[in-house]
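Residues per chain are reported as follows:
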Amino acid sequence: MKTLGKMCISFVLIAIGMPSMSGNAQDRADSDRGARTIEDLLAGRFRWKISEPLVAPAERPDDPCYSMKDPTVVFHQGRWHLFCTIRSQKRSHQIEYLSFADWKDANAAPRHLLKMHDGFFCAPQVFYFAPHKKWYLICQASDKSWKPEYGAAYSTTTDIADPASWSKLKPLGAKPTGGKAGLDFWIICDAQKAHFFFTTLDGRMWREETRLEDFPGGWSEAKLAIQGDIFEASHTYKLKGLDKYLTLVEAQGGRGWRYYKA
């Protein structure tokens, strides 16, 4: 197998730093800063900071690991819980879990390969679904016994800190569009519905929905959400305090390199 350059996880953040103040001056500064940040965001102006690499592929002599990517991060009960795709020599795609209290200790945290699936599975998203009182892990996976063989899958646990507690993967039952199941699946919920997003590597991003009481099944037919110079890895968020949503999505635009759009 061809050796790939090692890929590590770092984080990119919107830079909104301000000097410290006190009392009413601080309140006014926070309000002004928030207004400017929202104006910049809605106008498509972003100021980014990027950290040094925080976590590197684990050293596994029996199965050399080339990269870790696709991170999903949860902060729960005073600890960070990080799930990510790893790619290695013997097994192309699987999901690794690590937990730590401080990011400076992330790279030294014990690594756990999740046992929820024996085949191809990657690109996790982890969230707590309050109606079921369970954690859900959504990912893309394949299994020869599934019909169709590849698509979105899910696993659950009541204890995010126990990597052995996740259930075996099951197909999510989302609807393919144009014969394509898509990839890089992402789910967010509002008060009534769960919304499921994915891309199909052809400049299109799709959305399906289901009622909260039917989750994780009952998905609608796919509807086109975005079309343009987009590729994969879409993430959609509700903007706190605004009646708006923000989607970040990877693009490539024929340039030979990738970048993010919002």
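Overview of the structure. (Residues numbered from 1 in each chain as written. Predicted model: local features only at pLDDT ≥ 70, side-chain atom pairs only at ≥ 80, totals over all residues. Heavy atoms only, no water.)

**What to know about the overall build of the protein chain**
Then, in step 1: Looking only at helices and strands, the protein chain features one helix and 17 strands.
Then, in step 2: Here the protein chain, with 262 residues, has 39% of them falling under the buried criterion.
Then, in step 3: When contacts within the protein chain are restricted to residue pairs at least 6 apart in sequence, long-range pairs at least 24 apart make up 44% of them.
Then, in step 4: Total accessible area on the protein chain stands at roughly 14800 Å², and carbon and sulfur atoms take up 53% of it. (Helix = DSSP H or I, 4+ residues; strand = E, 2+ residues; numbered from the N terminus. Buried < 20%, exposed > 50% of the residue type's maximum accessible area, 1.4 Å probe, protein only. Contact = heavy atoms within 4.5 Å. Areas by Shrake-Rupley, 256 points an atom, 1.4 Å probe, with all protein chains shown as cover.)

**What to know about the side chain of Asp40**
Then, in step 1: Relative to the assigned elements, Asp40 resides in helix 1 (residues 23-42).
Then, in step 2: Contacts of Asp40, omitting those with residues within four sequence positions, involve Arg45 and Arg47.

**Overview of the packing of aromatic side chains**
Then, in step 1: Summed over the entire model, instances satisfying the criterion amount to 20 aromatic pairs.
Then, in step 2: Look at Phe83 and Trp166: their rings are 5.8 Å apart centre to centre, the planes differ by 90 degrees, and that puts the pair in the edge-to-face class. Of this pair, Phe83 sits in strand 4 (residues 79-88) while Trp166 sits in the loop between strand 9 (150-157) and strand 10 (170-171), and the two are 83 residues apart along the sequence.
Then, in step 3: Judged by relative accessible area, which is 0%, Phe83 ranks as buried.
Then, in step 4: Judged by centre distance (5.4 Å) and plane angle (45 degrees), the rings of Phe196 and Trp219 are tilted. Remark: Trp219 occurs in the loop between strand 13 (204-211) and strand 14 (223-227) and Phe196 occurs in strand 12 (residues 193-199); sequence separation between them is 23 residues. (Phe/Tyr/Trp six-rings, centres within 6.5 Å; stacked < 30°, edge-to-face > 60°.)

**Overview of the environment of Arg207**
Then, in step 1: If you trace the backbone, Arg207 turns up in strand 13.
Then, in step 2: In this structure the C-alpha to C-alpha distance between Arg207 and His195, which are 12 residues apart in sequence, comes to 6.6 Å.
Then, in step 3: When near neighbours in sequence (up to four residues on either side) are disregarded, Arg207 contacts His195, Phe196, Phe197, Glu221, Ala222, Lys223 and Ala225.

**Overview of the pairing of strand 12**
Then, in step 1: Most of strand 12 is tucked away, with six of its seven residues classed as buried.
Then, in step 2: By the bridge criterion, five bridges tie strand 11 (residues 183-189) to strand 12 in an arrangement that is antiparallel. Note on strand 12: the bridge partner recorded for Ile187 is Phe196.
Then, in step 3: Between the antiparallel neighbours strand 11 and strand 12 lie three residues.
Then, in step 4: With seven bridges connecting them, strand 12 and strand 13 associate as antiparallel partners. Looking at strand 13, one finds that Phe197 is bridged to Arg207.
Then, in step 5: Where strand 12 folds back onto strand 13 in an antiparallel hairpin, the turn is made up of four residues, including Leu201, whose phi is positive at roughly 60 degrees. (Pairing = 2+ DSSP bridges.)

**Side note on the side chain of Gln140**
Then, in step 1: With respect to the secondary-structure elements, Gln140 resides in strand 8 (residues 134-142).
Then, in step 2: Look at Gln140 and you get buried, because its relative accessible area is 7%.
Then, in step 3: A polar contact is formed between the side chain of Gln140 and the backbone nitrogen of Asp184, at a distance of 2.7 Å.
Then, in step 4: Not counting residues up to four positions away in its chain, the partners in contact with Gln140 are Phe120, Phe121, Cys122, Ala123, Tyr150, Gly151, Leu183, Asp184 and Phe185. (Polar contact = N/O pair within 3.5 Å; in protein donor to acceptor, adjacent residues only side chain to side chain.)

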